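Residue-level listing of the chains:
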Amino acid sequence: APDREVYLNNLAILLALHRNDTSDRPLALINRAIARRGPEPFFLDTRAVVHTAAGRYDDAVRDLEVAASLADKPVYQFHLAVAHDKADRPAARDVA
């Protein structure tokens, strides 16, 4: 059976980043994936990217801090730095 949560994840990213969709639709999709599979770092990272794309930087930072605490992946630190940068917090960005 196809992994529906990964499909929801990928659709959320595509809408947020490639369609510039700042509506609640991308967030609703990734939240469905998280509701089904739990707060896995991969999904939290996607939700943070969706938040960042929509200008919800504090929400993005919260998700990325949890993702980074659960899995040590450079991409989570990179996305955290981007969220801090967009929120105009250079000191936090530089340590992310």
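For the structure itself, consult the block above.
Residues numbered from 1 in each chain as written. Predicted model: local features only at pLDDT ≥ 70, side-chain atom pairs only at ≥ 80, totals over all residues. Heavy atoms only, no water.

Regarding the overall build of the protein
Along the protein, the regular secondary structure elements total six helices and zero strands. Relative to its length of 96 residues, the protein is compact, with a C-alpha radius of gyration of 13 Å against a globular reference of 12 Å. Projecting the C-alpha coordinates of the protein onto the three principal axes gives extents of approximately 45 × 30 × 15 Å. With 96 residues in all, the protein has 38% of them scored as buried. At a minimum sequence separation of 6, the contacts of the protein that also span at least 24 residues come to 45%. Taken as two groups, the 13 positive and 14 negative side-chain charges of the protein have centres that lie 7 Å from each other. (Helix = DSSP H or I, 4+ residues; strand = E, 2+ residues; numbered from the N terminus. Rg over C-alpha atoms; globule rule 2.2 N^0.38 Å. Buried < 20%, exposed > 50% of the residue type's maximum accessible area, 1.4 Å probe, protein only. Contact = heavy atoms within 4.5 Å. Lys, Arg positive; Asp, Glu negative; His and termini not counted. Charge placed at Lys NZ, Arg CZ, Asp CG, Glu CD.)

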